[in-house]
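Chain by chain, the residues run as shown.
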Amino acid sequence: MNASMLRSCPAARFGAAIGLAIILLGAGPPDRHHPDGDTRPADCPGRHASGHDPHTAAPVPPPPLERFRAGPYGYVWGFAHWPLRAGSRHAPDASESYRAQVFHVEECATDPVGDRFVGLDALVMAMGREGLKLYQSATTSIDSGPDGIIASDDVVIIKINYQWPQRGGTNVDVLRGLVRRLVDHPDGFTGEIVVCENAQFMYGHEFDRGESNAQDTSDSPHAVVVEFQPLGFDISHYAWGDIRQVEVGEYGQGDLDDGYVLLPYDPQLVGRVSYPKFRTGPGTYISLRYGVWSTTGEGYDREKLKFINLPVLKSHHAVYGATACVKNYMGVVTNSLGTGSHGATAHGILGALMGIIRPADLNILDCIWVNGNPYSGPSTTYAGATLRNELVASTDPVAADRWAVTNILIPAFIDNGYNPPWPLPSADPDDPTSPFRFYLDNSMDEILAAGYDVTNHPPRIDTFTWSGAGDLDDDGEPDASDNCPFDANPDQADCDDDGLGDVCAILSGHSTDFNANGIPDECECLGDLDGDGAVGFGDILDVIAAWGPCTGCPEDLDGSGDVGFSDVLVLIGAWGPCG
């Protein structure tokens with residue numbers, strides 16, 4: 001594309017200008033208002049866990065810019081390879097016993113079912129089967145338990161990708177399915193959900209522009225929010241882009257304004273870490289670093305704030321090779337106010353941000369439609385997208401990115417006829433000097449230095465794959481419609497019509513089955529010991545005959561391991577004809 005073509009094509013001219021601008025921002029000299037110096041706050045836990053002083057190392061200058069063809073952008077300038085970072089922080093490795101878990105669902109049904117996304121439901125169940133429960137609850141089931149992620153009264157931030165239209169942003173159907181799962185908390189959801197994004201230089205649109213990534217392309221994140229509000233849930237969205245140029249202090253410093261908190265310039269990162277603090281639609285004050293702020297004097301509650309990272313997987317030929325979980329944090333930091341965050345992404349600033357605010361409680365990587373063209377991205381058109389029908393989840397964003405780029409994005413390149421070597425800037429997951437690996441590894445370095453375990457080493461990543469269209473328990477009922485997908489129940493019995501098969505209800509502890517007949521006790525006449533269709537004196541005689549220690553016997557109606565007066569009380573409470 002020559003100069004005359006750029007003059008006659010506004011879209012290409014804009015894209016080329018943006019492509020150059022976003023690379024140059026942050027890649028130049030330090031912000032003159034924030035000279036080099038001691039750039040880390042004293043309260044940053046684990047920051048220098050290795051004992052190495054990062055500020056004695058000179059920053060690595062960016063390599064020479066090169067000109068690349070970038071699909072809808074026309075031509076942009078970017079970096080083909082980065083030198084390994086000199087003066088690394090020498091972050092410690094992850095704990096010797098640490099292994100990352102990556103959960104993967106393939107063959108997801110593209111069409112939503114009402115407000116549910118079946119592939120996401122399968123992902124939640126797959127996580128729970130391996131011990132990662134979505135719900136924090138005293139109720140133990142396949143997706144809930146005391147060590148679960150989301151409590152019923154938590155404030156949940158969902159960070160989507162909404163910078164680009166068409167297939168360049170997070171799938172709205174997946175977002176809606178996630179919201180449905182959250183509000184279906186077994187303890188009843190009384191918390192708050194906030195859908196957030198700053199969209200870098202493609203601001204706001206109030207989350208309601210046309211051309212969304214969804215089966216119904218007129219759908220939008222805003223539509224999801226207004227759909228759940230009338231159901232009585234506190235759900236809203238917040239465009240961080242609207243506050244990207246407002247520098248503020250923390251609530252604890254007496255500043256209640258919305259805006260971005262900026263940390264001092266860091267020469268190793270060649271930029272400044274930043275994060276938003278803001279008041280939600282329902283009126284909750286949130287600092288991404290410190291948590292939910294109480295205006296009545298209780299201070300911050302960090303444990304009440306949960307963060308779910310919900311990006312889309314795609315090629316990022318413009319600069320960084322690939323976009324996934326780590327790169328989605330570019331929509332958290334501000335690129336204004338002299339932070340230089342876009343260029344500093346290469347040096348690990350997004351990992352440094354995670355070290356400050358702590359990594360997301362859960363990363364769910366949307367791989368339904370991906371940009372499988374190494375010559376384009378991050379913008380992704382409908383025609384330019386590749387249908388993969390896959391989802392990935394992990395609490396480790398680095399492991400999720402390494403695995404997904406290796407096993408989903410690169411195969412999409414090859415399936416589309418793009419064989420290696422791939423064009424520069426490269427998403428090659430096996431080349432540590434590729435732009436993708438460079439920013440991923442440096443981000444990992446920062447996260448490790450902050451004291452959180454992550455890994456980019458494939459042998460330390462345990463992957464659990466399920467088919468969204470399969471039959472995991474081999475009972476003849478497809479997972480998409482199975483009311484107990486992990487335990488065989490070919491009759492699909494659900495005696496109380498609560499959507500949970502009787503087998504699952506009993507095995508998970510959701511229901512009791514004292515007489516071990518496979519029917520939840522709430523669905524039968526518990527106490528009719530003699531089988532005459534009623535609870536009466538004959539049943540009391542059976543209890544008296546079994547009086548005393550009696551573990552597992554049908555007369556032990558309360559499951560105490562002992563037949564006694566409490567079991568008589570159960571009989572009295574159920575007295576009369578059954579049904």
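Residues numbered from 1 in each chain as written. Predicted model: local features only at pLDDT ≥ 70, side-chain atom pairs only at ≥ 80, totals over all residues. Heavy atoms only, no water.

Asker: Explain a negative patch on the surface to me, using residue names and the numbers behind them.
Answerer: Taken together, Asp 496, Asp 497, Asp 498 and Glu 522 make up a surface patch of like negative charges. Locating Glu 522 in the fold gives a position in the loop between α10 (502-507) and β20 (534-535). (Patch = residues over 30% accessible without salt bridge, like charges linked within 9 Å, V, L, I, M, F, W, Y side chains within 5 Å. Areas by Shrake-Rupley, 256 points an atom, 1.4 Å probe, with all protein chains shown as cover. Salt bridge = Lys/Arg side-chain N within 4 Å of Asp/Glu carboxyl O. Lys, Arg positive; Asp, Glu negative; His and termini not counted. Charge placed at Lys NZ, Arg CZ, Asp CG, Glu CD. Helix = DSSP H or I, 4+ residues; strand = E, 2+ residues; numbered from the N terminus.)

Asker: Report on a nonpolar patch on the surface, specifying residues and quantitative values.
Answerer: A grouping of Phe 537, Leu 569, Ile 572 and Trp 575 is seen on the molecular surface, where their side chains present a nonpolar patch of about 490 Å² in accessible area. With respect to the element layout, Ile 572 can be found in helix α12 (residues 565-573).

Asker: So what's going on with the environment of Ala 399? Which residues, and what values?
Answerer: Turning to its location among the elements, Ala 399 is positioned in helix α8 (residues 397-415). Apart from residues no more than four positions distant in its own chain, Ala 399 is found in contact with Ala 100, Val 102, Thr 455 and Ile 461. (Contact = heavy atoms within 4.5 Å.)

Asker: Can you tell me about the pattern of salt bridges, naming the residues and giving the values?
Answerer: One pass over the full model with this rule turns up 20 salt bridges. With its nearest N and O atoms 2.9 Å apart, the salt bridge here joins Arg 180 to Asp 115. Of the two residues, Arg 180 is situated in helix α4 (residues 172-183) and Asp 115 in the loop between β3 (100-106) and α3 (118-129); the sequence distance between them amounts to 65 residues. Residue Arg 388 is joined to Glu 390 by a salt bridge in which the shortest nitrogen-to-oxygen separation is 2.9 Å. For Glu 390, a relative accessible area of 5% translates into the label buried. One continuous salt-bridge network, built from bridges that share partners, spans Asp 115, Arg 116, Asp 121, Asp 143, Arg 180, Arg 181 and Asp 184. (Buried < 20%, exposed > 50% of the residue type's maximum accessible area, 1.4 Å probe, protein only.)

Asker: Give a detailed account of the packing of aromatic side chains, specifying residues and quantitative values.
Answerer: Aromatic ring pairs are defined here through the distance separating the ring centres and the angle between the ring planes. The full count for this structure, using the stated rule, is 16 aromatic pairs. Centre to centre, the rings of Tyr 251 and Tyr 285 are 5.5 Å apart; their planes meet at 85°, and the pair counts as edge-to-face. Of this pair, Tyr 251 sits in the loop between β8 (234-239) and β9 (259-262) while Tyr 285 is found in strand β11 (residues 285-287), placing the two residues 34 residues apart along the sequence. Ring centres of Phe 537 and Trp 575 lie 5.2 Å apart, and the angle between their planes is 80°; on these two criteria the pair is classed as edge-to-face. In this pair, Phe 537 is assigned in helix α11 (residues 537-545) and Trp 575 in the loop between α12 and β23 (576-577), connecting sequence segments 38 residues apart. Assessed through its relative accessible area of 66%, Phe 537 is described here as exposed. (Phe/Tyr/Trp six-rings, centres within 6.5 Å; stacked < 30°, edge-to-face > 60°.)

Asker: Lay out the sheet that holds strand β12 (residues 291-294) in plain terms, naming residues and giving numbers.
Answerer: Pairing is antiparallel in the open sheet, where five strands are placed in the order β9-β10-β11-β12-β13. The open sheet is flanked by β9 and β13 (299-301), the only strands paired with a single partner. Between one strand and the next, the sheet's axes are offset by a mean angle of 30°, whatever the strand orientation. (Pairing = 2+ DSSP bridges. Axes fitted to C-alpha atoms, helices over the stretch in contact; angles between N-to-C directions.)

Asker: Go over α3 with me, naming the residues and quoting the values.
Answerer: Taking 1.5 Å per residue as the helical rise, α3 with its twelve residues ought to reach 16 Å, and the 16 Å between its terminal C-alpha atoms agrees with that figure. In terms of residue burial, α3 counts as a mostly covered element, since eleven of its twelve residues are buried. Of the positions making up α3, those classed as buried are Val 118, Gly 119, Leu 120, Asp 121, Ala 122, Leu 123, Val 124, Met 125, Ala 126, Met 127 and Gly 128. Check the buried side of α3 and you find it contacts β3, α4, β17 (362-371), β18 (386-394) and β19 (461-467). Downstream of α3 by one or two residues, Gly 131 has phi in the positive range, about 105°. (Expected span 1.5 Å × (residues − 1).)

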